Amino acid sequence: MAYYDFKNIEAKWQKKWEEEKSFKTVEDESKEKYYVLEMFPYPSGKLHMGHVRNYSIGDVVARYKHMAGFNVLHPMGYDSFGLPAENAAIKNGVEPAKWTWGNIAEMNVQLRRLGLSYDWDREVATSHPEYYKWMQWIFIQFYKKGLAYKKENPVNWCPSCATVLANEQVVDGCCERCGSVVGKKSLSQWYFKITDYADRLLDNLDTMDGWPNKVKIMQKNWIGRSTGAEVDFKVKDLDKVFTVFTTRVDTIFGTTFMVIAPEHPEVENLIKGTEYEEAVRAYIEEASHKNDIERTSTVGEKTGVFTGRYAINPFTEKEIPIYVTDYVLMGYGTGIVMGVPGHDQRDFDFAKKFDLPIVPVVDPGDPEIDVNNLQAACAAEGTLINSGEYNGMNNKVAIEKLTELVEEKGIGKKSINYRLRDWLISRQRYWGTPIPMIYCEHCGWVPEKEENLPVILPTDVEFTGKGESPIATSKTFVDTVCPVCGQPAKREIDTMDTFLDSSWYFLRYCDARNTEEAFSFEKVKYWMNVDQYIGGVEHAILHLMYARFFQMALYDLGLVTTEEPFKNLLTQGMVIKDGKKMSKSIGNVVSPDEIISKYGADTARLFILFAAPPERELDWSDAGVEGSYRFLNRVFRLVDELEDVIKGAGGAYEIKTSADKDLAYQLNATIKKVTEDAGGRFNFNTAISSIMELVNEIYRYKENKDINAELLKAAVEDLIRVLSPFTPHICEEMWEKLGHTNSVYTESWPTYEESALVKDEIEIVIQINGKLKEKLNVANGLTKDELEKLVMDRDNTKQLIGEKTVVKVISVPGKLVNIVVK
RNA sequence: GCCGGGGUGGCGGAAUUGGCAGACGCCCGGGACUUAAAAUCCCGUGAGAUUUUAUCUCGUACCGGUUCGACCCCGGUCCCCGGCACCA
């Protein structure tokens, strides 16, 4: 008897797929396309369980769609620029390129061991000059369109690594690399104007039905659009007007002070030459040294200093003191805020601290709140009070009215603010795409000529981990000539944030080997959008918003045909063990390599898909893996045992016995279930459980005296077909064993007969007052009344009712009869 | 604090959305096969009670409501996970 020799089986089929390029895809207008994409990995050199889960999910979808008749694009590549390569260079003296290519080679082997149906001819690596050449080209198109600009701004700065950090590289206020507390430093950096797209990025979300709500809400909050008004306040004794942004213009009568950010340039004008100058400067100096940790630790505990100046409340005409405080952010609104302590908790805290008057102007009409003795700010809606002629007006109406009024008076306007900031894209790092910009003393910043791309990363650099970008140490890179005037000029030494590389790789996959263009318009038109995108929820905001921004900008440039890149999004849950995230420090890491060596890739894939639905966390269980392995052995033995019967069977089957009918029912039910679960709902766990039920049913069936060889053949062959997207190697092997010479991947997805799913007899439930009392087999297809009559006429039912009076009978055909008694 | 998502057997999870709670698998227990073990196969497996081949009661975090009927809908409470966090 043959046994399940997964090692040889998997190696055999992987070799065959590779040699025959089984998964190669070309554009074919005669077929409906389906683009399934998994987020490409950073090539750390080691695949982890999160990858296995991500790619197993994608592979089931890809293989299923292929069998269902679609022209499937299923590519893979590497997001291969980034910090770890540079750290390896600093630590071990290995060149980043060499280190990265070594890792990619390792990961290529590991990915192939999983038996994934990728078209490897489309593989990309973002650190390859053939890729980053086009990254630079796109940058230049953005620059020409006015989407890229350079600006001096305060940025995150790690004093120990002496480098800029991205927000996402600051973990709890500390550098992710060395743990030092991150400070602020003003530096000239490159930005993308993502804020120009804020409205579109936000509004499109409403039409994106294929995305999880959770992700859409996260993006919505991140963009943070808030609608309000700008209002001008005159500054007393100075010929100046300060504009504030507020979402609560209805509370303007309650404005008893004004607060301004320490970094605000107008602060200087307020204090110059006054007695307050020294104290205010000292406060600003102190605030500028505060890092994120110190700042967030003082939330609720307000600090500030009086500037000696007053503004005039345009509605009450009263003088209100102006304070400098660090709870006002320079980067949001106008950097100046009207203080309404009665209705904003931060202002309330500030007023308490500095003993400023609290004037309530909205009465929520809540008996539990004494508006004249507020214990906290009251943000609730209500009726205006202490607001002159507006008293008695509903505050929501007042927002409209007062906004109109300030516009009429010419002292303000309706205004929208976003939490989203422009995207800081330059990095003072080596291992990234060089920004293809040149600084000329005469012409300013100019892009490199497109025919000179790529601007190649220099290799004559030193990695010290200190000072500026290692590229600065290159003797060949920096000096160049101005593309405009031809005079000596200097290249930008910063590189691009790696999030840029991953913002368009899905377009490059459509035309990965193109040496003339980033991608051909026609090919992108055929393949895009991505029909199904799959990846970790940790990318919900950054990557998924940047990619959307890129797609929109490229759409506006006329380079692509759609505004949004990803039609459907599946965010898979984490793989955990013993209730905790797998991590080296806890020591609960399960290595995919080990599992594959011990049980094979099919078992690993099957378990990971069976143990939980894809969006949910997956608790790794070694015993569960054993179970999946046992199941595959069970299937393999079944096929082995029935091989001769099946090979000797004829064509279409006929239902002869009730056992035949049961097996045909289970077969069709399983096909239906797997079709729905693998094709739409992506509940692979229940798809697999249904396949297990089919296997159990076949095991039962084959013990019968009269076995129907044709039916068995149909059952077993369809079993192999529906199982093949999950565990492709073993299925190819069994398919071949049954005498087929084609790959099961080229088979059509089986269809099911609704008629086989109609049972002659069905089990219905008899309830008394909603409680289950009895189960009963009745003929299928009875009407509501027939069923009721049948049940009510039974002696058993009469016994169940006993002495009680029947009030009502609810009869649901095919389900139950509920008798309400008293 | 605000915004999401969840709480179902010893465990992972089903229940296709108001109609048999616990599919499928794991663990565990019993049996068959075996000299024995492994593997395999079969049976049992939410809790409790009783007069134990059966019957009854309870049971989907907790309290209440709607309904003939609620894991599912509504109101309130507690707990866990994720995101954002002085954004005016």
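Everything numeric here is computed off the predicted structure, so don't read it as measured data.

Parameters and conventions
Residues numbered from 1 in each chain as written. Chains lettered and ligands numbered in written order. Predicted model: local features only at pLDDT ≥ 70, side-chain atom pairs only at ≥ 80, totals over all residues. Heavy atoms only, no water. pLDDT = per-residue confidence, 0-100. Axes fitted to C-alpha atoms, helices over the stretch in contact; angles between N-to-C directions. Helix = DSSP H or I, 4+ residues; strand = E, 2+ residues; numbered from the N terminus. Parallel < 35°, antiparallel > 145°, perpendicular 65-115°, else oblique. Left-handed = near helix turned anticlockwise from the far one by under 90°. Contact = heavy atoms within 4.5 Å. Nonpolar A, V, L, I, M, F, W, Y, C, P; charged D, E, K, R; others polar. Buried < 20%, exposed > 50% of the residue type's maximum accessible area, 1.4 Å probe, protein only. Salt bridge = Lys/Arg side-chain N within 4 Å of Asp/Glu carboxyl O. Core = buried A, V, L, I, M, F, W, Y, C linked by side-chain atoms within 4.5 Å. Polar contact = N/O pair within 3.5 Å; in protein donor to acceptor, adjacent residues only side chain to side chain.

Undergrad: Residue-level account of the confidence of the model for chain A, with values.
TA: Any segment with low pLDDT has predicted coordinates that should not be analysed in fine detail. In the predicted model, chain A carries a mean pLDDT of 91, and 98% of its residues have values of at least 70. For this predicted complex, the interface score ipTM comes out at 0.94, alongside a pTM of 0.93.

Undergrad: So, the packing of helix 21 (residues 684–701) against helix 22 (residues 709–723): which residues are in play, and what are the values?
TA: When two helices pack together, their arrangement is given by the angle between the helix axes and the distance between those axes. Interaxial distance between helix 21 and helix 22 falls to 11 Å at its minimum, and their mutual angle equals 155°. As summarised for this structure, helix 21 and helix 22 are arranged roughly antiparallel, according to the angle between their axes. By crossing handedness, the relation of helix 21 to helix 22 is classed as left-handed. Of the residues in helix 22, those in contact with Ile 691, Leu 694, Val 695, Ile 698 and Tyr 701 of helix 21 are Leu 711, Leu 712, Ala 715, Val 716, Leu 719, Val 722 and Leu 723. Of the residues contributing to the contact of helix 21 with helix 22, the split by class is twelve nonpolar, no polar and no charged.

Undergrad: Help me get a handle on unusual backbone geometry, residues and values and all.
TA: Here the bond from Leu 453 into Pro 454 is cis, since omega is 0°, no more than 30 degrees from zero. Omega for the bond connecting Met 528 with Asn 529 falls within 30 degrees of zero, at 5°, which places this linkage in the cis form. Structurally, the position occupied by Asn 529 is in the loop between helix 15 (521–527) and strand 24 (530–536). Despite not being glycine, Glu 317 has its phi angle at roughly 60°, a positive value. Look at Glu 317 and you get exposed, because its relative accessible area is 56%.

Undergrad: Explain the pattern of salt bridges residue by residue, including any values.
TA: Summed over all chains, the structure comprises 46 salt bridges. The residue Arg 200 makes a salt bridge to Asp 556 at a minimum N-O spacing of 2.8 Å. Of the two residues, Arg 200 is situated in helix 6 (residues 198–203) and Asp 556 in helix 16 (residues 542–556); the sequence distance between them amounts to 356 residues. Here Glu 448 ties to Arg 491 by a salt bridge, and the two come within 2.9 Å at their closest N and O atoms. Linking Glu 448 in the loop between strand 20 (444–447) and strand 21 (479–481) with Arg 491 in strand 22 (residues 488–491), this pair joins segments that are 43 residues apart in sequence. Neither residue differs from the other here; Glu 448 and Arg 491 are each classed as buried. Salt bridges sharing partners connect three or more residues here, namely Asp 640, Glu 643, Lys 647 and Lys 737.

Undergrad: So, the nonpolar core: which residues are in play, and what are the values?
TA: Core analysis: the largest hydrophobic core is formed by 169 residues, its most contacted members being Trp 620 and Phe 726. When residues in this core are grouped by element, the largest group, ten residues, is from helix 21. Grouped together as the second largest cluster of nonpolar side chains are 34 residues, Leu 270, Ile 322, Val 362 and Val 406 included.

Undergrad: Which residues make up the packing of helix 18 (residues 601–610) against helix 23 (residues 728–737), and what values do they have?
TA: Taken N-terminus to C-terminus, the directions of helix 18 and helix 23 make an angle of 120°; their axes are 7 Å apart at the nearest point. In terms of their interaxial angle, helix 18 and helix 23 are classed as oblique. Between helix 18, through Ala 601, Asp 602 and Arg 605, and helix 23, the contact on the second element is made entirely by Pro 728, His 729 and Ile 730. Along the lines of polarity and charge, the residues of the contact of helix 18 with helix 23 split into three nonpolar, one polar and two charged.

Undergrad: A description of the environment of Lys 737 should follow, citing residues and the corresponding values.
TA: Counting through the fold element by element, Lys 737 comes out in helix 23. Of the residues examined, Lys 737 reaches a relative accessible area of 17% and is grouped as buried. Ignoring anything within four residues of it in the chain, the contact list for Lys 737 reads Ala 2, Val 639, Asp 640, Glu 643 and Lys 647. At a separation of 2.8 Å, a polar atom in the side chain of Lys 737 contacts the side chain of Asp 640.

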